[in-house]
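Letter by letter, the chains look like this.
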Amino acid sequence: MRVCIPVTHDLGPESPVSMHFGSAPFFAVAESTTGEVVTLVNRNEHHAHGQCRPLDAIAGQGVEAMVVGGIGMGAILRLQEAGVCVYRATGGTVREALAALEAGTLSPMDPSSACAGHHHG
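No experiment lies behind these values; they were computed from the predicted model shown.

Q: Report on the confidence of the model for the protein chain, specifying residues and quantitative values.
A: Looking at the protein chain, the pLDDT average stands at 84 and 82% of residues meet or exceed 70. Averaged pLDDT values for the elements of the protein chain fall to 70 in helix H1 (residues 54-57) and rise to 96 in strand S1 (residues 2-7).

Structure representation (structure tokens):
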């Protein structure tokens, strides 16, 4: 499965998970079975609240799941409409997030668990 994880630094599998999807400087797109990671620059990192375009960020990557620390309601809805499952990250690195996803320990997110702004740690 191809998984997208917003990250704060481009360190491959050791990239730290960002606590907010839209404001992350990078997106790690990982193949869950092999652990192979490709890092994309978030060209929409600086946007007004509610103007995040998640599908633009991952276009053409074949992403089936998103693992995030936080994400806005509109972004969750747009991802879910496109068939992308959204899960809450528990911090750590891309490697740890993939392991938690594979172990089934990450909680699915829905619009009721969305963030209300860009004020995350």
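The rest of the description comes next.
Q: For the pattern of salt bridges, give the residues involved together with the corresponding values.
A: Per the counting criterion, the structure on display carries 1 salt bridge. For Arg95, the salt bridge is made with Glu14, and the minimal N-O distance between the two is 2.6 Å. Linking Arg95 in helix H3 (residues 94-103) with Glu14 in the loop between S1 and strand S2 (26-31), this pair joins segments that are 81 residues apart in sequence. Relative accessible area serves as the criterion here: at 49%, Arg95 is assigned to the partly exposed category. A relative accessible area of 39% means that Glu14 is categorised as partly exposed.

Q: Please provide a residue-by-residue account of the pairing of strand S4 (residues 65-68), values included.
A: In S4, alternate side chains face the same way, and those of Ala65 and Val67 on one face and Met66 and Val68 on the other are all buried. Summarising the sheet, S1 and S4 pair through 2 bridges and their orientation is parallel. Pairing of Cys4 across the sheet is with Met66, part of S4. With 4 bridges connecting them, S4 and strand S5 (residues 85-88) associate as parallel partners.

Q: Please provide a residue-by-residue account of the side chain of Asn42, values included.
A: By the secondary structure assignment, Asn42 is in the loop between strand S3 (37-41) and H1. Taking relative accessible area as the criterion, Asn42 reaches 6% and is therefore assigned buried. Of note is the side chain of Asn42, whose polar atom sits 2.8 Å from the backbone oxygen of Ala24. Once residues within four sequence positions are removed from consideration, Asn42 is found in contact with Phe21, Gly22, Ser23, Ala24, Pro25, Phe26 and Phe27.

Q: Describe helix H2 (residues 73-81), naming the residues involved and giving the relevant values.
A: Within the span of H2, buried status applies to Ala75, Ile76 and Leu79. Down the axis of H2, the smallest arc covering the buried residues is 100 degrees, so these residues share one side. Once H2 finishes, Gly83 follows within two positions and takes phi at roughly 85 degrees, a positive value.

Q: Can you explain the sheet that holds S4? Please cite residues and give values.
A: Taken in spatial order, the 5 strands make up an open sheet running S3-S2-S1-S4-S5, and their pairing is mixed. Either end of the sheet is taken by a strand with one partner, and the two such strands are S3 and S5. Direction aside, neighbouring strands of the sheet carry axes that sit 25 degrees apart on average. In this sheet, S3 lies alongside S2 in antiparallel orientation, the contact comprising 5 bridges. Bridge pairing in S3 links Phe27 to Leu40. H3 rests against S1, S2, S3, S4 and S5 of the sheet, and its axis sits at about 140 degrees to S1.

Basis of the calculations
- Residues numbered from 1 in each chain as written.
- Predicted model: local features only at pLDDT ≥ 70, side-chain atom pairs only at ≥ 80, totals over all residues.
- Heavy atoms only, no water.
- pLDDT = per-residue confidence, 0-100.
- Helix = DSSP H or I, 4+ residues; strand = E, 2+ residues; numbered from the N terminus.
- Salt bridge = Lys/Arg side-chain N within 4 Å of Asp/Glu carboxyl O.
- Buried < 20%, exposed > 50% of the residue type's maximum accessible area, 1.4 Å probe, protein only.
- Pairing = 2+ DSSP bridges.
- Polar contact = N/O pair within 3.5 Å; in protein donor to acceptor, adjacent residues only side chain to side chain.
- Contact = heavy atoms within 4.5 Å.
- Arc of directions from axis to C-beta.
- Axes fitted to C-alpha atoms, helices over the stretch in contact; angles between N-to-C directions.

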